[in-house]
Structures are given as structure tokens and as C-alpha cells.
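Architecture at a glance
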Amino acid sequence: METLEPILAQHPFLKGLDAKYLKLIVGCASNVVFQAGEFIFRTGENADHFYIVRQGKIVIETYSPIKGPITIHTRQQGEVLGWSWLVPPYKWRFDARALELTRAIALDGKCLRSKLEEDHDLGYELMKRFTLIIAERLEATRLQLLDIYGDNT
Amino acid sequence: MATTLEKIKEGLDRSQPWMPNLFRVERIRKETYDTFTFDLETSDGAGCAFQPGQFNMLYIYGVGEVPISISGDPKNSRTLVHTIRAVGTVTKNMRQLKRGDLVGVRGPFGRPWPVEDAKGHDVIIVAGGIGLAPLRPVIYHLLAHREQYGKIILHYGARTPDDILFRQELETWRARFDFDVQVTVDRSTGSWQGNVGVVTLLIPKATFDPLQTIAMVCGPEIMMRFTVLELLKRDLTEENIFLSGERNMKCGIGHCGHCQFGHLFVCNDGPVFRYSDTADLFKKREI
Ligand SMILES: Cc1cc2nc3c(=O)[nH]c(=O)nc-3n(C[C@H](O)[C@H](O)[C@H](O)COP(=O)(O)OP(=O)(O)OC[C@H]3O[C@@H](n4cnc5c(N)ncnc54)[C@H](O)[C@@H]3O)c2cc1C
Ligand code: FES
């Protein structure tokens, strides 16, 4: 059977990770496929996974009874989706839906959480990597809020 | 004595850069709800040669004069093409112009994008909003001389799908195998199936050789600041990043000081600047 190790080792998010940690992470990984329109997760559900997108496009959205679905961001090939699995109470804050046929590697957050608690070196390493992603999203969201192409900036 | 308007009507006189030359509106296209493109020609068809990135001072009689970049193909010097977002007095009046109306043109002025220096390099173009207009001549040039450049990448960010400029052209460019075109919007509306998120998010995913890449960036100043940070993270050097500056202008020829940007004049020393020459200015407030 094809192992996910070489794919994960090459991914920028995990690049340079100690081989023993990579093995541990591979143990929590599985291949997943979502059809166009399929929900990957919904607001309020347990956040027990995060995803490394291999192909396709995912929209992160919220729902307004008046406006309907409101898109916040899209994620595509090579990007990491989801960090609510790291933050109590481990619930998704938004919906994620595949815009087109999407293949991804799902990483079991529950399984990883216990491993991060057991081994704080691994915990710190992964936290550093997720902090970069969270900081990048925060910066992007601030820029979005500034409405830089509007009349006021 | 002849009035200014009479002098202008006498015809083209490029020896006097403060005297507008008379051009006729030949064609007007609506690009978006607030942006339009018009083609200007002289009655004798002489037109005017320009380099990608240069701008003209466009004058509407009795209203005023504004700097507007040339957005057309540099190969076609007969027609001057300008893409204008109607934001205030002059540009809103320009939107009312009709075919056959006359516009005063002074120019072309300013330093162009470094299309010659970029030969043999990968080129990444990052445009935000109306910033795609001054970069379109670069795209025409690069595609017309495709074999002289490495990878060509365009990252374009707009406010919403309805604000995307040159949509048909973007689709044509995207269909090419030798041009990597990525478009994103800050807010999605309607049936948009493309990327949503700020334009800077596209940069980490682009593939180029950072040591051999020239970046050309144009858009609102905040967008350019964050774009530069992302490009530097990708190991581009400050010398290889070029930005287009925007300041109020009056003379357009380095006399009046209206467009002062630190120790530089945007009209003469720019509008295209090398980031390494202006990095300190871009970081300062109220310059
Ligand atoms: C070198 C250079 C090249 C330029 N190229 C282009 C171009 O290709 N296309 C184009 O549409 N514009 C371009 N501009 C900007 C253009 O010159 C201004 O939008 C124009 O001068 C506004 O004049 P106005 O009389 O219509 O607005 P004003 O009456 O002077 O301003 C009215 C209101 O609009 C706001 N405003 C002014 N300028 C802008 C702006 N750029 N964006 C958002 N709000 C603004 C003002 O803050 C004010 O509140 C360029 C500017 C420079 C310096
Ligand atoms: S506009 Fe007069 S010096 Fe630049």
C-alpha cells in the first residue's frame, strides 16, 4: 500500500520535521476525497481533524439567514485547512465545503493531541508551525477588513 | 493673442510639455460599475509612443487635469488607451465623455517598468484593483516577446468579482500554458467559484527562482507594503522589486513639487521605483 510518508515529508508544513515525529504523524494520517459541494465540516461539530489539501479547492464560509452562505476564504492545493482541533473546546467555528473534487490528507487531531501532550518537543514543533499559519491568516483577515481597494484607504 | 485652447487646437506640439495636445475619444468601454477605458487618437493618426508604466496628464476643458497611466499595448502607438476609475471631480467627468469628445493630453511622462532589465528572468506581477491598468502594457510586452523571459506569473486581487478588470483578457491569458495567472477577490459575491482571500496569500504558492526573478507591484500602498513583505519572505532581493507610487500631481515634469515623495518626485523619478531605493519612504508615515 502507498504510504503517505513521502508526500507528508515533502509538504512545506512538515518539511524538515524529525523523521521519528514524521512517522508518528503518518500514523494519524489518511487519504480523503470530497465531491464538489460536499461539506468537510460544519460549524459547531467536533474539530477532530485538520487537512492538507492535495488537489481541488475548499471554501470556508459562514451562513447568514439573510445573505445565505458568506465566503471568508478559499483553500487550495498545498494549503493546510483547520486549526480548531488545537484549541479548546475543539469545535469548528466555520463551515468548510469542497468547491470542486478535492483530495486531501486528513490528520486525526484527537490522536495527535494526545501525542503532543505526551511529547512536548513534538508539541512545541507543531505549535510553532501552526502559529505561522494562524498568524498568516490573521494578517490576511486584517487586510481583508481594511477593504484596501475601497474608497477609504 | 491666441488663447490656450486655441493654441491647443492648432495641433500637436510635443516640444512644450506643459501644453496639452488634443486627442479625440474614439471608443469607450465600461470595465466595471465605476471603471471605464477610453481609446484616444489624434486627428492626423500620429498617436504617441510610450513605454509600459508611463502616464499622461489628461485634461478635460473647464474641469481639470489628472495623471492616468497608459493601459494599452505599447506596440500600438496610434491609440492611447487609459483605464480610469471614477473617484472624484475630474474622473467622474471623464466618465461622461462620449465618442468624438476632445481631451487634452500631456505626456507620456515618468519612468517605465523594467521590462528590459527583466529579460532572462522570471517575472512576477502583483496587481491590486485599478493597479492592473498600469501593468497591462507590461503583460502585452512580455507576451509579445515571450521567448525572452522565464516564467511569467500574474497575481491579481480585486475587491469583489464585479470589480475584476479586463475579465475577458484575464481568461484568455489564463488559458495559455506559458502564463500563470491567479485571480483572487477579497469578498465573494454571486456565483464566484474562484479564490477568495487577499492577493498576498497567492505569493507563497507561486513557483519561481527567487534569485532570478523581477517583481512588479502596483496597487493601493497598503497592499504593496504587504506584497513586498511576502516577496522578501520568498527571498527576492529588494533590488529586484519594483513598485508604482501615486501622489497628487500638477505639472508632471518635475517643476512644481506637488508629487514629492521624500527626496523624490513621483512624476520624474517614478512612478515606477526600485524598492531598494524607496524602502525607507514606504515605511514612513505622512510622506
Ligand atoms: C502616476 C499616476 C498614475 C495613475 N494612474 C491611474 C490610472 O491608470 N487609472 C486611474 O483610475 N487612476 C490613476 N491614478 C489616480 C488618479 O490620478 C486619481 O484618481 C485622480 O487624480 C483623481 O482625481 P479626481 O479629480 O477624479 O478626484 P478628486 O476630486 O481629486 O478626489 C475626490 C475623492 O476621491 C479620492 N481619490 C482620489 N484619488 C483616488 C484614488 N486613486 N483612489 C481612490 N480614491 C481616490 C480623494 O481622496 C477624494 O476623496 C494615477 C495617479 C498617478 C499619480
Ligand atoms: S507633479 Fe510637479 S513636480 Fe511632480
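Residues numbered from 1 in each chain as written. Chains lettered and ligands numbered in written order. Predicted model: local features only at pLDDT ≥ 70, side-chain atom pairs only at ≥ 80, totals over all residues. Heavy atoms only, no water.

A closer look at the overall build of chain B
Counting secondary structure elements, chain B contains seven helices and 15 strands. Radius of gyration (C-alpha) of chain B: 19 Å, near the 19 Å computed for a compact globule of 287 residues. With the C-alpha coordinates of chain B rotated into their principal frame, the extents come out at 60 × 45 × 35 Å. Counting the 287 residues in chain B, one finds 54% classified as buried. For chain B, restricting intrachain contacts to residue pairs at least 6 apart in sequence, the fraction spanning at least 24 positions comes to 70%. (Helix = DSSP H or I, 4+ residues; strand = E, 2+ residues; numbered from the N terminus. Rg over C-alpha atoms; globule rule 2.2 N^0.38 Å. Buried < 20%, exposed > 50% of the residue type's maximum accessible area, 1.4 Å probe, protein only. Contact = heavy atoms within 4.5 Å.)

Describing unusual backbone geometry
A cis amide bond links Pro-88 of chain A with the next residue in sequence, Pro-89 of chain A, at an omega value of 5°. Mapped onto the secondary structure, Pro-89 of chain A falls in the loop between strand E6 (80-81) and strand E7 (95-98). Looking along the chain, the bond that leaves Gly-107 of chain B and enters Pro-108 of chain B is cis, with omega of 0°. Assignment of secondary structure puts Pro-108 of chain B in strand E6 (residues 102-109). Not every positive phi belongs to a glycine, and Tyr-90 of chain A is a case in point at roughly 55°. Mapped onto the elements, Tyr-90 of chain A comes out in the loop between E6 and E7.

Topic: the site of ligand 1
Residues and elements named next belong to chain B. Around ligand 1, 18 residues are found, and the nearest of them are Pro-67, Thr-83, Arg-85, Val-90 and Thr-91. Between Thr-83 and ligand 1, the recorded distance is 2.9 Å, taken from a backbone N or O atom to a nitrogen atom. The contact in question runs from an oxygen atom of ligand 1 to an N or O atom on the backbone of Thr-89, over 3.1 Å. Look at ligand 1: alone it shows 910 Å² of surface, and the protein chains cover 69% of it. Sorting the residues of the shell around ligand 1 by element identifies strand E4 (64-69), strand E5 (80-85) and helix H2 (89-95) as the ones contributing at least two each. With four residues, the top contributor of residues to the shell around ligand 1 is E4. Looking at the shell around ligand 1 residue by residue, the classes come out as 10 nonpolar, five polar and three charged. Counting contributing residues per domain, the shell around ligand 1 is built from domain 1 (2-108) and domain 2 (122-282), each supplying no fewer than three. (Near = heavy atom within 4 Å. Polar contact = N/O pair within 3.5 Å; in protein donor to acceptor, adjacent residues only side chain to side chain. Areas by Shrake-Rupley, 256 points an atom, 1.4 Å probe, with all protein chains shown as cover. Nonpolar A, V, L, I, M, F, W, Y, C, P; charged D, E, K, R; others polar. Domains from an automatic or database assignment.)

Details of the sheet that holds strand E5 (residues 68-76) of chain A
Backbone-to-backbone hydrogen bonds join strands into a sheet, with any given pair of strands oriented parallel or antiparallel. All names here are of chain A. Reading across the sheet, the four strands line up as E2-E7-E4-E5 and stay open at both edges, with antiparallel pairing between neighbours. At either margin of the open sheet sits one strand with a lone partner, and together these are strand E2 (39-41) and E5. When the angles between neighbouring strand axes are averaged without regard to direction, this sheet yields 35°. (Pairing = 2+ DSSP bridges. Axes fitted to C-alpha atoms, helices over the stretch in contact; angles between N-to-C directions.)

Notes on the state of the cysteines
Enumeration according to the criterion identifies one disulfide over all chains in this entry. Between the sulfur of Cys-28 of chain A and that of Cys-111 of chain A lies a disulfide, 2.0 Å long from S to S. In this structure, the disulfide formed by Cys-28 of chain A and Cys-111 of chain A twists by about -50° around the S-S bond and is classed as left-handed. In this pair, Cys-28 of chain A is assigned in the loop between helix H2 (19-26) and strand E1 (29-34) and Cys-111 of chain A in helix H3 (residues 109-118), connecting sequence segments 83 residues apart. Cysteine Cys-218 of chain B shares no disulfide, and the gap to the nearest cysteine sulfur, in Cys-259 of chain B, comes to 16 Å. (Disulfide = S-S within 2.5 Å.)

Some thoughts on the pairing of strand E4 (residues 57-64) of chain A
Residue and element names in this part refer to chain A. In terms of burial, E4 is largely enclosed, as six of its eight residues are buried. Where E4 and E5 come together, eight bridges link them in antiparallel fashion. Paired with Thr-62 across the two strands is Ile-70, which belongs to E5. In this structure, the hairpin formed by E4 and E5 is closed by a connection of three residues. Here E4 runs beside E7; their pairing, made up of four bridges, is antiparallel. Along E7, the bridge assignment pairs Val-59 with Arg-97.

Some thoughts on the interface of chain B and chain A
Contact with chain B, which involves 25 residues of that partner, is made by 21 residues of chain A. For the pair chain B and chain A, the two sides together bury roughly 2200 Å², of which 52% comes from carbon and sulfur. Our count for the contact surface shared by chain B and chain A stands at three salt bridges. Salt-bridge contacts for Asp-147 of chain A lead to Arg-187 of chain B; the nearest nitrogen and oxygen are separated by 3.9 Å. At the level of elements, strand E8 (152-158), strand E10 (195-196) and helix H5 (221-233) of chain B are the ones that each hand at least two residues to the side of chain B that touches chain A. Top element by residues in the side of chain B that touches chain A is H5 of chain B. It accounts for four residues. Within the side of chain B that touches chain A, the residues separate by chemical class into 10 nonpolar, nine polar and six charged. (Buried area = accessible area lost by both parts, 1.4 Å probe. Salt bridge = Lys/Arg side-chain N within 4 Å of Asp/Glu carboxyl O.)

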